[in-house]
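# Summary of the model geometry
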Amino acid sequence: MNITEPSFDETEIELLRECLSSKWVTQGPFTERFERLIAEKQDVKHALACTSCTAALHLATMALKLGPGDEVIVPAFTWVTSAHSAEYVGAKPVFVDIDLSTFNIDPDALQAAITPRTKAIVAVHLFGLAAPMDEIKAIAERQGIAVIEDAACAIGTTYRGAPVGAIGDIACFSFHPRKAVTTGEGGAVTTNRDDLAERVRSQRNHGSTGAPDSSIEPHGPWTMATFDNLGFNLRLSDIQAAVGVAQMGKLDRLLSERRRLGRRYSELLAGNNSIGRPLGGDVDGHTYQSYVIRLSEGNRVRRNAVMAALAAAGIQTRPGTHAVHRLGYYKSKYGLKAEQFPRAALAEDTTITLPIFPGMTEQDQEFVADTVNRAIT
């Protein structure tokens, strides 16, 4: 059984055919449609599609004009690009520990890490569960610090009833195949700030800054864009966006199914006291991009044995994610040790992501839960 499966049908095929028939396959009309759908779903003014969430995070740090001498606070348990985005612009990622009940950033650890050099906080909504945004925003506003929402896992996620993606200054989404909505590879930046949207729009498109002054030379077939910024080619193609438009049309159904499956897993595993289930935080807004359990007793060796037992039964799993401070690049560059962020290290060593995907049957779930319960005694 695969850990996840995208949900494709004839809708994607029809829109791909429409895109290809139009002969416009780079960023264009389908991308604009996709962006409007994202903006409407996340209740945000601007949505700007790009090649990946990694690109979106890079664009966010550039739009905020972060650079050398600046510090960016990042939870120590997250996908590596949450931290890479600071490195890309020469800023320093400063890791903080997590709350094991949510796998998201611990506000107390966040507060303790603030220095005069802190310019941004990356608030990761890990596995589809919103980070504690009230506490994060209160800390950020007191200090004049920007908030980047890493919403890679969190399309459709809500926090206290409000969609993520418009709570901080700028947010970043992923449309990787493991996400609820996929374009194969793809991402988006969302923001309510016109200035940040303008910078992202320019920097994803080589640094283009619009048409030149027509008073100097009249516009005509010879007119080319101005380039007053240093930018990159991080545009999403209309081919990918056509798939995204089809996927967004299914989003409410897909999220409803994920929420049902996530809650049912929690019921099926409720009798096993050795399993920590995802019940912390604003669980009502959780979209279960991943259903991640944690061995409440044991270590990496025991966790690996459980995963091996699941693999032997034909069930695909993976750890939750990295403890980023233990990865070679950050460990070497900053001299970090595992014990500096013990909860993040423990989460890496004791978490298991269980299969969850559209079309998963009750029998599928019961088989997974029964196998987990037999393996964790």
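Now for a quick tour of the structure. (Residues numbered from 1 in each chain as written. Predicted model: local features only at pLDDT ≥ 70, side-chain atom pairs only at ≥ 80, totals over all residues. Heavy atoms only, no water.)

## Side note on the packing of aromatic side chains
Summed over the entire model, instances satisfying the criterion amount to 10 aromatic pairs. With centroids separated by 6.4 Å and ring planes inclined at 70°, the aromatic side chains of Phe-95 and Phe-341 adopt a geometry described as edge-to-face. One end of the pair, Phe-95, is in strand β3 (residues 92-96); the other, Phe-341, is in the loop between α10 (328-334) and α11 (342-350), and 246 residues separate them in sequence. The pair formed by Phe-95 and Phe-341 is uniform in burial state, with each residue classed as buried. Centroid distance Tyr-288 to Tyr-291: 6.1 Å. Interplanar angle 25°. Geometry classified as stacked. Across the pair, Tyr-291 and Tyr-288 agree in class, each one buried. Pairwise contacts between aromatic rings join Phe-95, Tyr-329, Tyr-330, Tyr-334 and Phe-341 into one cluster. (Phe/Tyr/Trp six-rings, centres within 6.5 Å; stacked < 30°, edge-to-face > 60°. Helix = DSSP H or I, 4+ residues; strand = E, 2+ residues; numbered from the N terminus. Buried < 20%, exposed > 50% of the residue type's maximum accessible area, 1.4 Å probe, protein only.)

## Observations concerning the pattern of salt bridges
One pass over the structure, following the stated rule, counts 22 salt bridges. Here Arg-33 makes a salt bridge to Glu-18, at a shortest N to O gap of 3.9 Å. Linking Arg-33 in helix α2 (residues 29-42) with Glu-18 in helix α1 (residues 10-22), this pair joins segments that are 15 residues apart in sequence. Judged by its relative accessible area of 43%, Glu-18 is partly exposed. When salt bridges that share partners are traced, they join Asp-169, Arg-193, Asp-195 and Arg-199 into one network. (Salt bridge = Lys/Arg side-chain N within 4 Å of Asp/Glu carboxyl O.)

## Quick notes on helix α12 (residues 362-375)
Compared with the 20 Å implied by 1.5 Å per residue over 14 residues, the 20 Å span of α12 between its first and last C-alpha is a close match. Every buried residue belonging to α12 is among Gln-365, Val-368, Ala-369, Thr-371 and Val-372, and all of these are buried. In an axial view of α12, the angular spread of the buried residues amounts to 160°, which keeps them on one side of the axis. Opposite the buried face of α12, by more than 90 degrees, sit the exposed residues Gln-363 and Arg-374. Looking at the buried positions of α12, the neighbouring elements they touch are α8 (238-268), β12 (275-276), β13 (291-295), α9 (300-312) and β14 (351-354). (Expected span 1.5 Å × (residues − 1). Arc of directions from axis to C-beta. Contact = heavy atoms within 4.5 Å.)

## Structural notes on unusual backbone geometry
At Lys-23, a residue that is not glycine, the phi angle is positive and equals roughly 70°. Residue placement: Lys-23 occurs in the loop between α1 and α2. Judged by relative accessible area, Lys-23 falls into the exposed class, the value being 69%. Look at Tyr-288: it is not a glycine, yet its phi comes out positive at around 50°.

## Notes on the side chain of Ser-237
You can see Ser-237 is positioned in the loop between α7 (194-203) and α8. On the accessibility criterion, Ser-237 (18% relative accessible area) is buried. Excluding residues within four positions of it along the chain, Ser-237 makes contact with Val-25, Thr-26, Gln-27 and Thr-31.

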